[in-house]
Structures are given as C-alpha cells and as structure tokens.
Amino acid sequence: MVKKAVILVSGGLDSTTCLAIARSQKFECYTLCFDYGQRHRSELRAAAAVSSLLGARAHKVFRLSLDDFGGSALTDASLAVPDYTGSTEIPITYVPARNTIFLAVALGYAEMLQAHDIFIGVSSIDYSHYPDCRPEYIAQFQKLASLATKQAIEGTGVTIHAPLLLLTKGETISKGLALGVDYKGTVSCYQANEEGEACGSCDPCMLRKKGFAELNAPDPTRYDLSKTMGTVLPLDANVIIPNNVALMQ
C-alpha cells in the first residue's frame, strides 16, 4: 500500500531536509508551498526545483494574500528585514499565525489525497523564537488534527511530523547531507534577490552559516556579492564567514 504524505516546503534548508527525510521513509511525497504575498519570491522557484529534484509525486502552490494584513517585514515592503542579533524577542519577520494557516491548508490537502501524514520543517533550537515553532504548538495542532476531519473521526487521522523540532541547524544539515541533499539550490534568506542569492546577514542566513560552521563543512549558499563581503557570527566573535564562500568550493 502506498503511503502518502504532504510535505510543507518553502525552498529553504529545513523544509528540503524534511522532504528528504519523508522520502527516505518511503512516503509518496506531495509537496505544498505558499504564495502568501512574501517579498522574497525566489523561494517559490526553489521550492518547485527541490520538489522535482527529490522526486515529489506532485507539487502545488497555494495562493493566499497574507500581505493584505501586513504586520510582518516578510510581507510589508515598508518594514526593513533586520540583521541577525541573537535576541530572544519575536522579531518583525514573524508572520502572524503563518504555520497555523499553512498546517490547516495542508490538513485539507491531506484529507483530499487520503494521506495520513504531514511533514513540517520547524525547529525550536536554531530559530527566530516564533511561537508556532515550539514543541507544545505542534502537540496542540496534532490534537486539533485528531478532531477536525472526517478521516480522523473515522479512525484514519493525520499525524503531524516535525523531525527537525529538536535539532540544531548543524544537526539538520548533517542529516540532510547523509540523505544526499544538495543545499546549493535552496533559498533560506529573508531578502534573497531574484536570482535566489542570499543577503548573508538576516536570521536564517546567519543560522545557516552557523550550521555549516558547526560541521566544518563547505557552505554552498549563493550569496549576493553586492552585499557586505564578510559577516561576523555574533554567537562566536572569532568566526568570520565570507559571503562569497560558495566560490571557494
């Protein structure tokens, strides 16, 4: 019997790793990404590319306009994307209720497919302190999923998988590399340009650099060389990773 799973993908490092994990567990993967009015559009192309590369059975783009609400630097061009600071405060890049909305759509898609598994690449370790990336959030959404659908009531509900939830970025990258993931085509940056080149200084860029540094592994990220040529990781003042590191492969 074919095991179907819906995989939430963004084109970034974490969701690509999640897709590779689901594939390694012999799921037939149906990838789902969201055109939600985000400013960094190149991630949509990356999501389609990694879905194809990793053998997704189908890839769908769900369109909704969270930019109509504003309130986030990811959807409102009048708000600046901040550089990484290491602060524990929830940053302006938080999109209100985004994972709840995404998981709700994924739940509907899974029911339509008669799939019993949903994968999401959230982490509560190396992340930006978003409330919808915590273990207790995933646990509560699992309870909702067990109540909210016909297939759940009939005894064949959906399991929410968050395999990266307790992993550092380095551990996530290590797991992906072991599964053959090529991270060169992934886009994690909050303000990547149209070519998918990263700024090198926002939260996901710095956490991604930290992950590759933890492993002492080459960083294949494509950086925008018009930006600053070097970035200091605040987590370790002795570590400087040049933004053009991808040219050193």
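As the structure is a computational prediction, the values presented were derived from the model and not from experiment.

Student: Where do I start with the pattern of salt bridges in this structure?
Tutor: Side chains that differ in charge, positive against negative, can pair when their charged atoms come close. On inspection of all chains with the given rule, the structure shows six salt bridges. One salt bridge connects lysine 210 with aspartate 126, and the closest N-O pair in it is separated by 3.2 Å. Of this pair, lysine 210 sits in helix H7 (residues 203-215) while aspartate 126 sits in the loop between strand S4 (117-119) and helix H4 (135-145); the two residues are 84 residues apart in sequence, bridging distant segments of the chain. One exposure class covers both lysine 210 and aspartate 126, and it is buried.

Student: How should I be thinking about the sheet that holds strand S2 (residues 28-35) in this particular structure?
Tutor: The strands that make up a sheet are held in pairs by hydrogen bonds between backbone atoms, and each pair lies either parallel or antiparallel. An order of S3-S2-S1-S4-S5 is seen for the five strands of this open sheet, with the pairing classed as parallel. Of all the strands in the sheet, just strand S3 (58-63) and strand S5 (159-161) have a single pairing partner and so form its edges. The sheet shows a mean angle of 25 degrees between the axes of neighbouring strands, taken without regard to direction. Pairing between S2 and S3: six bridges, direction parallel. Opposite leucine 32, over in S3, you have lysine 60 as the bridge partner. The strands touched by helix H3 (residues 98-113) are strand S1 (4-8), S2, S3, S4 and S5; relative to S1, the strand with the most contacts, the crossing angle is about 160 degrees.

Student: I would appreciate a short explanation of the packing of aromatic side chains in the present structure.
Tutor: Counted by the stated rule, this structure contains seven aromatic pairs. Taken together, a centroid distance of 5.3 Å and an interplanar angle of 70 degrees make the contact between phenylalanine 27 and phenylalanine 119 edge-to-face. Linking phenylalanine 27 in the loop between helix H1 (13-24) and S2 with phenylalanine 119 in strand S4, this pair joins segments that are 92 residues apart in sequence. Exposure class is identical for phenylalanine 27 and phenylalanine 119. Each is buried. On the basis of an interplanar angle of 45 degrees and a centroid distance of 5.9 Å, the ring pair of tyrosine 94 and tyrosine 130 is categorised as tilted. Placement of tyrosine 94 in the loop between S3 and H3 and of tyrosine 130 in the loop between S4 and H4 is noted, with a sequence separation of 36 residues between them. Here tyrosine 130 falls in the buried class, since its relative accessible area comes to 6%.

Student: Teacher, can you tell me more about unusual backbone geometry here?
Tutor: Trans is the prevailing form of peptide bonds, just as negative phi is the prevailing case for residues other than glycine. In this structure, alanine 97 takes a positive phi of about 60 degrees despite not being glycine. Looking at the secondary structure, you find alanine 97 in the loop between S3 and H3. Classification of alanine 97 as partly exposed rests on a relative accessible area of 34%. Here asparagine 216, not a glycine, exhibits a phi torsion of approximately 55 degrees, which is positive. Structurally, the position occupied by asparagine 216 is in the loop between H7 and strand S6 (230-232).

Student: Would you take a moment to explain the state of the cysteines for this structure?
Tutor: Simply put, disulfide is the name for a covalent bond between the sulfur atoms of two cysteines. By the definition in use, this model includes zero disulfides. We note that cysteine 199 lacks a disulfide partner, and the nearest cysteine sulfur, in cysteine 189, lies 3.5 Å from it. In this structure cysteine 205 is a free cysteine whose sulfur lies 3.7 Å from that of cysteine 189, the closest cysteine sulfur available. Of the residues examined, cysteine 205 reaches a relative accessible area of 3% and is grouped as buried.

Student: Help me understand the side chain of threonine 172, please; the structure alone is not making it clear to me.
Tutor: Mapped onto the secondary structure, threonine 172 falls in helix H6 (residues 169-178). Sequence-distant contacts of threonine 172, defined by excluding residues within four places in its chain, comprise Leu13, Asp14, Thr17, Leu164, Leu167 and Tyr183.

Student: Help me understand H1 in this model?
Tutor: Residues that lie three or four places apart on an α-helix share one face, since the helix turns once every 3.6 residues. The end-to-end C-alpha distance of H1, which contains 12 residues, comes to 17 Å, matching closely the 16 Å that a straight helix rising 1.5 Å per residue would cover. Burial within H1 is extensive, with 10 of its 12 residues counted as buried. What H1 keeps buried is the set Leu13, Asp14, Ser15, Thr16, Thr17, Cys18, Leu19, Ala20, Ile21 and Ala22. Here the buried face of H1 lies against S1, S2, helix H2 (42-53), S4, H6 and H7. Residue lysine 26 follows H1 closely and has a positive phi angle near 70 degrees.

Basis of the calculations
- Residues numbered from 1 in each chain as written.
- Predicted model: local features only at pLDDT ≥ 70, side-chain atom pairs only at ≥ 80, totals over all residues.
- Heavy atoms only, no water.
- Salt bridge = Lys/Arg side-chain N within 4 Å of Asp/Glu carboxyl O.
- Helix = DSSP H or I, 4+ residues; strand = E, 2+ residues; numbered from the N terminus.
- Buried < 20%, exposed > 50% of the residue type's maximum accessible area, 1.4 Å probe, protein only.
- Pairing = 2+ DSSP bridges.
- Axes fitted to C-alpha atoms, helices over the stretch in contact; angles between N-to-C directions.
- Contact = heavy atoms within 4.5 Å.
- Phe/Tyr/Trp six-rings, centres within 6.5 Å; stacked < 30°, edge-to-face > 60°.
- Disulfide = S-S within 2.5 Å.
- Expected span 1.5 Å × (residues − 1).

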